[in-house]
Amino acid sequence: MDPMAVAARRAATRLQLIPSSLPAHFIWADKGRSVVDEDNINWVLRDAIPHASWSRVEGAGHLLVHEKPDDAAQHLLEFLEKTYPRQKKARL
């Protein structure tokens, strides 16, 4: 247990090390339902990784993958298809 959230703060400061050439997408819980407050979410998107894209899962809380697994998967699929478009396969 990390009552002072030292590990989380250390991880957050490392977000700035992610190169802009690496696609990053955050899937957040619905507004006001995450353990991460809105000021910190905005900091991550504005200052830590300004090139990242993001989306929210409506009606989901902190455990969004457990609460809304299909919605979370849909957001991930949309990001991947936009970032890595499907390629037509060659016929042999």
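Scroll up a little and you will see the structure.
Residues numbered from 1 in each chain as written. Predicted model: local features only at pLDDT ≥ 70, side-chain atom pairs only at ≥ 80, totals over all residues. Heavy atoms only, no water.

Chemist: Would you mind showing me how to read the environment of L22 here?
Modeler: Within the secondary structure layout, L22 lies in the loop between α1 (6-14) and β1 (25-29). Assessed through its relative accessible area of 45%, L22 is described here as partly exposed. Placed 21 residues apart in sequence, L22 and W43 show a C-alpha to C-alpha distance of 19 Å. (Helix = DSSP H or I, 4+ residues; strand = E, 2+ residues; numbered from the N terminus. Buried < 20%, exposed > 50% of the residue type's maximum accessible area, 1.4 Å probe, protein only.)

Chemist: Sorry, what's going on with the pairing of strand β2 (residues 53-57) here?
Modeler: Relative to β2, β1 runs parallel, the two being bridged by five bridges. Looking across to β2, one finds that H25 is bridged to S53. As for the winding sense of the linkage, the β-α-β connection from β1 through helix α2 (residues 38-48) to β2 is right-handed. (Pairing = 2+ DSSP bridges. Right-handed = clockwise from strand over helix to strand, strands pointing away.)

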